[in-house]
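# Secondary and tertiary structure notes
Single-letter residue listing:
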Amino acid sequence: MVCDIKTGVCGEVGDESIEVIDFNQPQKKVDLYYVTDPICSHCWALEPELRRFEKQYGHYFTLQTVMGGLLKSWDGFADVSNGIGSPADVAEHWREVGEHSRMPIDGSLWLSDPIQSSYPPSRVYKMIQRENEEMAKTFLRRAREAVFAFNRNIGEEKVLIDLVDQLGLDGAKIVKEAEGTAAQVLLEEDFALAGSLGVRGFPTVIMVNEEKQGVKIVGAKKLHTYVDALKQVLPGKTLQARQIPDLKQLLDQESLLFAKEIEVMYDLEATEVESFTQEMLPADTYKGQIQLGEFYIEKL
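Everything quoted here is computed from the prediction, not taken from an experiment.

Size it by volume and the largest pocket reaches roughly 670 Å³. Surrounding the largest pocket, 26 residues form its lining, Glu54, Leu63, Glu134, Lys137 and Glu254 being those nearest its centre. When residues of the lining of the largest pocket are traced back to their parent elements, those giving at least two are helix H1 (41-57), strand E4 (61-67), helix H5 (133-149) and helix H10 (247-254). It is H5 that provides the largest number of residues to the lining of the largest pocket, a total of eight residues. Here the residues of the lining of the largest pocket sort into seven nonpolar, six polar and 13 charged. Space inside the second largest pocket adds up to approximately 330 Å³. What lines the second largest pocket is a set of 18 residues, among which Leu70, Asp79, Asn82, Ile84 and His93 lie closest to the centre.

Next comes the structure, spelled out in structure tokens:
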């Protein structure tokens, strides 16, 4: 017999009367700020490493994604370090990032239908995040797939509405709300936070512990860099990596995965990805395709 602490009702205990509790689970003591932008190509290149880091070590930190505001407009914009002064310059830069990272990037939209600002998708992200953090994370991923791999202009209203609709939300309503003052205020708050953290480029990952000591990592790095940084802000703690989800679980969560993401998650060579996928997934659960010379899988 047991008395329910909430209802005060007493009765027989069911099968759930014996429960294993692990009191050794680490408490999240680190704030991780990921400062990014929907059209940041190096952020797209970082996705495989950051996903694995979060899957294995996410129990040690609370992740906060912060919009940085990469492109307000082309009026007066110039990225001298990357040789970018006009939309046409971005196409070549993106192509180089795609080739180096093997996260597929088309980039020809910069020649035919250039994005005028990264603020519209950033504001949509903030409006979704206000209601549902996980849904916002999914939106950001879908937006990046759309613009980098499938060459869709995510600065356009119709594309944003379609992406939000695919999440099962009201795309027209949310995109309209994202044009309002409230969305811009939320975005400006992110810009202010990024500024207070001393961010000057994307991606930037900042980890801060309870003693307000932190580590800042600028640019897309390998997994060990983020693990080493986490060790620095948790001195004296032996980090225990969580088990990586199997490929079916991962695909159920993500819906679409590129070859490089599978390689990084499971420590594979590029030549092993397709056979590994065939071995791990029933044939009727996924569709394998090629985009920009890279293999990817999509959940059926």
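Now that the structure has been shown, we can carry on.
Attention now moves to the sheet that holds strand E8 (residues 286-291). In space, the three strands of this open sheet follow the order E7-E9-E8, with antiparallel pairing throughout. The outermost strands of the open sheet, each flanked by one partner alone, are strand E7 (256-258) and E8. Sheet twist, expressed as the mean angle between neighbouring strand axes with direction ignored, is 25°. Two elements, E7 and strand E9 (residues 294-299), share three bridges in a ladder whose sense is antiparallel. Residue pairing in the sheet places Leu257 in a bridge with Ile297 of E9. Across the sheet, H10 is in contact with E7, E8 and E9; its angle to E7 comes to roughly 115°. Those strands touched by helix H11 (residues 259-266) are E7 and E9, and its axis lies near 80° from that of E7.

Another point: the nonpolar core. Membership of the largest hydrophobic core comes to 46 residues, with the highest contact counts inside it found for Trp94, Trp110, Val124, Ile128, Phe139 and Ile154. Per-element tally for this core: the top contributor is H5, with eight residues. If we skip the residues at most four places from it in the chain, Phe139 touches Pro121, Val124, Tyr125, Ile128, Leu160, Leu163, Val164 and Leu167. Cys43, Tyr60, Phe61 and Val233 belong to the second-largest nonpolar core, a separate cluster that totals 23 residues.

Bridging between strand E3 (residues 30-36) and E4 involves seven bridges; their strand directions are parallel. Residue Asp31 lies in a different strand from E4, and its bridge partner there is Thr62. Crossover connection from E3 via H1 to parallel E4: handedness right-handed.

This part is about the packing of helix H4 (residues 119-131) against helix H8 (residues 181-196). If you want to describe how two helices pack, look at the angle between their axes and the distance between the axes. It is at 9 Å that the axes of H4 and H8 come closest, and there the two elements cross at 95°. Relative to H8, H4 is oriented roughly perpendicular. Along the contact surface, H4 presents Tyr119, Ser122, Arg123, Lys126, Met127 and Arg130, while H8 presents Ala182, Ala183, Gln184, Leu186, Leu187, Asp190 and Phe191. By residue class, the composition of the contact of H4 with H8 is seven nonpolar, two polar and four charged.

Conventions and cut-offs
- Residues numbered from 1 in each chain as written.
- Predicted model: local features only at pLDDT ≥ 70, side-chain atom pairs only at ≥ 80, totals over all residues.
- Heavy atoms only, no water.
- 1 Å grid on protein atoms, 1.4 Å probe; cavity = no way out; pocket = protein on both sides within 12 Å on 5 of 7 lines; lining within 4 Å.
- Points joined across faces, edges and corners; volume = space filled by probe spheres on them.
- Helix = DSSP H or I, 4+ residues; strand = E, 2+ residues; numbered from the N terminus.
- Nonpolar A, V, L, I, M, F, W, Y, C, P; charged D, E, K, R; others polar.
- Pairing = 2+ DSSP bridges.
- Axes fitted to C-alpha atoms, helices over the stretch in contact; angles between N-to-C directions.
- Contact = heavy atoms within 4.5 Å.
- Core = buried A, V, L, I, M, F, W, Y, C linked by side-chain atoms within 4.5 Å.
- Buried < 20%, exposed > 50% of the residue type's maximum accessible area, 1.4 Å probe, protein only.
- Right-handed = clockwise from strand over helix to strand, strands pointing away.
- Parallel < 35°, antiparallel > 145°, perpendicular 65-115°, else oblique.

Take it as geometry only, folks, not as evidence of what the structure does.
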